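Read off the chains here:
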Amino acid sequence: MVVSKNQLPEAIYPLLEAGQRFFGEARVQETASKWSILRKLYLDCHVHLIGPLQTNKVRQALELFDAIESVDRPRLILELAKEWSNPHRKTHKLLIQVNTGQEPQKSGVLIDDLPDLIHLCHLHNLPVTGLMCIPPLLEDPTLHFQILANLAKTYNLPELSMGMSGDYSLAIAHGATCVRIGSAIWKS
Ligand SMILES: *Cc1c(COP(=O)(O)O)cnc(C)c1O
């Protein structure tokens, strides 16, 4: 996945021209303004939400993103369930973001609360296909990739979204099915 947050359409075009079709964005509003144009020109793009989602933006997010990777709390799941029948929904899968570092100010569900969250998704027939994590900035990410891979195995979830510009090869070695690359692509 190429993370195209903060990048203008002019910067994204060359990647689309080169054949890249899978992108990540962090904000609903920014995606609405940028990708309404880009999607019309490149119909087969996939755009995932990788940033936090507020409940009042759920309806719009479901119409904009092919997948939401930042599902992390019951309130959000209830709102997703409520809006899921929207005929304009584009989202077809959800990933749960796990706060593997148990950092208090960070988004993501705590490991102990993950089973209940998965259960709540199943209860509402929401398609959870995997897990996502952002390891703590200053820690060796190895442990966090191992934790996420083990959780995915435990709950039978095939997708593992982990690894960024600085640690993607390590993430792949631990089973990542998607690495989210931003700065390594954009720096000139
Ligand atoms: C910005 C961002 C990335 C990309 O990080 P880089 O280190 O620039 O590759 C990956 N994942 C998430 C959730 C992000 O917000």
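Please refer to the structure placed before this passage.
This report concerns the structure included in the present document.

1. Some remarks on helix 5 (residues 114-123)
For step 1, the next point in the chain: All of the buried residues along helix 5 are Leu114, Leu117, Ile118, Leu120 and Cys121. The buried residues of helix 5 occupy an angular sector of 155 degrees when projected down its axis, which confines them to one face. Exposed residues lying more than 90 degrees from the buried face of helix 5 are Asp116 and Leu123.
For step 2, the next point in the chain: Buried residues along helix 5 sit in contact with helix 4 (74-83), strand 5 (93-97), strand 6 (128-132) and helix 6 (142-154).

2. Thoughts on the pattern of salt bridges
For step 1, the next point in the chain: Here the structure, examined in full by the defined rule, presents 11 salt bridges.
For step 2, the next point in the chain: In this structure, Arg39 and Asp66 form a salt bridge, with 2.8 Å as the shortest nitrogen-oxygen distance. Within this pair, whereas Arg39 is found in helix 2 (residues 28-41), its partner Asp66 is found in the loop between helix 3 (58-64) and strand 4 (67-71), the two being separated by 27 residues in sequence.
For step 3, the next point in the chain: The class for Arg39 is buried, based on a relative accessible area of 14%.
For step 4, the next point in the chain: Its relative accessible area of 8% is what places Asp66 among the buried residues.

Reading the values: the criteria
Residues numbered from 1 in each chain as written. Predicted model: local features only at pLDDT ≥ 70, side-chain atom pairs only at ≥ 80, totals over all residues. Heavy atoms only, no water. Buried < 20%, exposed > 50% of the residue type's maximum accessible area, 1.4 Å probe, protein only. Helix = DSSP H or I, 4+ residues; strand = E, 2+ residues; numbered from the N terminus. Arc of directions from axis to C-beta. Contact = heavy atoms within 4.5 Å. Salt bridge = Lys/Arg side-chain N within 4 Å of Asp/Glu carboxyl O.

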